[in-house]
Structures are given as structure tokens and as C-alpha cells.
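Observations on the three-dimensional arrangement
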Amino acid sequence: MQFDFLIPKRPVSLQTRQRSKLQNWQAFVRAEASKTWVGTPYSGNVHLTLVYLYDTDPVDTDNIIKPIQDALIGLIYEDDSLVTDVESHRRSLSDTFDVALCPLLLVRGIISGIECVYVRINSAKALESYL
């Protein structure tokens, strides 16, 4: 199992005081994933990879994981307890990237020049393969 998509919008932190803003963000994330996801929710363990491309004043990476993870419950995977592995990366849009080595959707995010989050979901591997 492998699936990726791009969220073309600045992420909302789990720590926001405006709950409606967080709920709207999660609905947006789900809608973006729904544009290309086909099939039923995956029932195996998954590895979630996030790449947050920011302009200025970035959101903490640890605070964007949970809202994105929760937005995908029942769509991509049955429950967030199936997310056994998480990688989260934050890079400035002004950084230099070797786009030849990046997935196409991440390249689109870089080229767009707007804050976005690239999301990739894979089947989880054995722990030893990550070490």
C-alpha cells in the first residue's frame, strides 16, 4: 500500500485555541485526500510521512501530525491506532532542493511556492528495516 497527496495550505496546529479552525483544517485535509484516494480504508499498520514546506514563522512539526492523522481515519485507514510509524519534516520554501530525488507531488509543492504539506502513507515495515 502506498498513497500520497498534497495539502496546499498552511497547516493548523493541534495547539490552536480556535477549535473551529482546527476542525475546518481537518475537513480540508480529508477533502484533499478524497480527491485521489480510491478504495476502502486500509486495515494494516501504516507509516505516515509528512513534509511541511513553510514560508515564514513555521508551525511546530509535532503539532501538525495529530490533526492530519485524525483527518484520515475511516478514509485511508480504519483507525489512527494503525499508524505505527511517523516521519515529520519541516523545510523552508527558500531552501535548495534536488527535485530529481523528490516525489512528483512534493516537487509540485516546492514549485508552487505556497505553504503546503506533502503526505505519504505506506504499509509499515518491520522495525528492523528502519534501524
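Report on the accompanying structure. (Residues numbered from 1 in each chain as written. Predicted model: local features only at pLDDT ≥ 70, side-chain atom pairs only at ≥ 80, totals over all residues. Heavy atoms only, no water.)

What follows is about the packing of aromatic side chains. Applying the stated criterion to the full structure yields four aromatic pairs. Pairing F3 with W37 gives two aromatic rings, centres 5.0 Å apart and planes at 80°, and the pair type is edge-to-face. Here W37 lies in the loop between α1 (19–34) and β2 (46–54) and F3 lies in strand β1 (residues 2–7), a separation of 34 residues in the sequence. F3 sits in the buried class, given a relative accessible area of 8%. Here W37 falls in the buried class, since its relative accessible area comes to 15%. Of the aromatic side chains, those joined through ring pairs into one cluster are F3, F5 and W37. Seen from the ring of F28, K9 lies directly overhead, with NZ or CZ sitting 4.5 Å from the centre. A cation over an aromatic ring shows up here: R90 above the ring of Y54, its NZ or CZ 5.9 Å from the ring centre. (Phe/Tyr/Trp six-rings, centres within 6.5 Å; stacked < 30°, edge-to-face > 60°. Helix = DSSP H or I, 4+ residues; strand = E, 2+ residues; numbered from the N terminus. Buried < 20%, exposed > 50% of the residue type's maximum accessible area, 1.4 Å probe, protein only. Lys NZ or Arg CZ within 6 Å of the ring centre and 35° of its normal.)

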